[in-house]
Amino acid sequence: MTDRRLAVDAWESLFRAQYEVFAEISCDFNDSVLSQAEYDVLLTVTRGDDMSARLRDVTANMLISQPSVSRLVDRMVARGLLSKCPDPQDGRGSIVRATDAGATAFRRIASQHGRSIAERMSTLSDDELQQLRDLTAKLRRPATGC
């Protein structure tokens, strides 16, 4: 059985570290044409074949509700960052694709954002980064509750 006090202390430390790092690297979006949420959508979409992804896959990668993702995607379509069409394999689903403008905006910010992340995370060694990645992946496994 895990020591409860240690578990709570570790959780609090993880939460505070995530909050502080996130706040620091969020500055990359202060003067950007993309919000951080729009960047996250484009991150998923640009990694897909033909710079496209199923809307449900975009939603699964976001930390906001499905209706909020749908509204965000619709706003991005209206701004010319994404195109959206029915999913031929799922009549209820949609495929979203980065437009040239969306991909260009994403690449412009991704370069700076990647540098900011690497700089902030440089306090850890490569071995520590691998350990952190492995530990957080272990924590992300499906929970057996709620």
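Structure: see above.
Residues numbered from 1 in each chain as written. Predicted model: local features only at pLDDT ≥ 70, side-chain atom pairs only at ≥ 80, totals over all residues. Heavy atoms only, no water.

Colleague: What exactly am I supposed to notice about the pairing of strand β2 (residues 82-87) here?
Modeller: Looking down a regular strand, the side chains alternate between one sheet face and the other. Alignment of β2 against strand β3 (residues 90-98), held across six bridges, turns out to be antiparallel. Residue cysteine 85 lies in a different strand from β3, and its bridge partner there is isoleucine 95. The hairpin formed by β2 and β3 contains two residues between the paired strands. (Pairing = 2+ DSSP bridges. Helix = DSSP H or I, 4+ residues; strand = E, 2+ residues; numbered from the N terminus.)

Colleague: So what exactly am I meant to see when it comes to the side chain of threonine 59 here?
Modeller: The residue threonine 59 is located in helix α3 (residues 55-61) in this model. The exposure class of threonine 59 is buried, given its relative accessible area of 17%. (Buried < 20%, exposed > 50% of the residue type's maximum accessible area, 1.4 Å probe, protein only.)

Colleague: I would appreciate a short explanation of a nonpolar patch on the surface in the present structure.
Modeller: On the surface, a nonpolar cluster with roughly 450 Å² of combined accessible area is contributed by Trp11, Leu14, Phe15 and Leu139. Looking at the nonpolar patch element by element, the count peaks at three residues for helix α1 (residues 4-25). Accessibility expressed as a relative area gives 31% for leucine 14, which makes it partly exposed. (Patch = residues over 30% accessible without salt bridge, like charges linked within 9 Å, V, L, I, M, F, W, Y side chains within 5 Å. Areas by Shrake-Rupley, 256 points an atom, 1.4 Å probe, with all protein chains shown as cover. Salt bridge = Lys/Arg side-chain N within 4 Å of Asp/Glu carboxyl O.)

Colleague: Even after reading the chapter, I still don't get unusual backbone geometry, so can you show me in this structure?
Modeller: Most peptide bonds take the trans form, and the phi angle of most residues other than glycine is negative. You will see that aspartate 50, though not glycine, has its phi angle at about 55°, which is positive. Considering the arrangement of structural elements, one finds aspartate 50 in the loop between α2 (36-47) and β1 (52-54).

Colleague: Would you mind going over the environment of glutamine 112 with me for this structure?
Modeller: As for its placement among the helices and strands, glutamine 112 is situated in helix α5 (residues 100-121). With relative accessibility at 35%, the residue glutamine 112 sits in the partly exposed group. Separated by 27 residues in the primary sequence, glutamine 112 and leucine 139 place their C-alpha atoms 28 Å from one another. A distance of 3.1 Å separates the side chain of glutamine 112 from the side chain of arginine 115, its partner in a polar contact. (Polar contact = N/O pair within 3.5 Å; in protein donor to acceptor, adjacent residues only side chain to side chain.)

Colleague: Just checking my understanding: could you explain the side chain of serine 94 for this structure?
Modeller: Assignment of secondary structure puts serine 94 in strand β3. The exposure class assigned to serine 94 is buried, which follows from its relative accessible area of 15%.

Colleague: Mind showing me how you'd approach the pattern of salt bridges here?
Modeller: Side chains bearing opposite charge may pair, as long as their charged atoms lie close to each other. Applying the stated rule across the entire model yields eight salt bridges. Residue arginine 16 pairs with glutamate 12 through a salt bridge whose shortest N-O separation is 3.0 Å. With arginine 16 and glutamate 12 both in helix α1 and four residues apart, the pair spans about one turn of that helix. Ionic pairing is found between arginine 56 and aspartate 90, a salt bridge with its closest N-O pair at 2.9 Å. Taken together, the residues arginine 56 in helix α3 and aspartate 90 in strand β3 connect sequence positions 34 residues apart.

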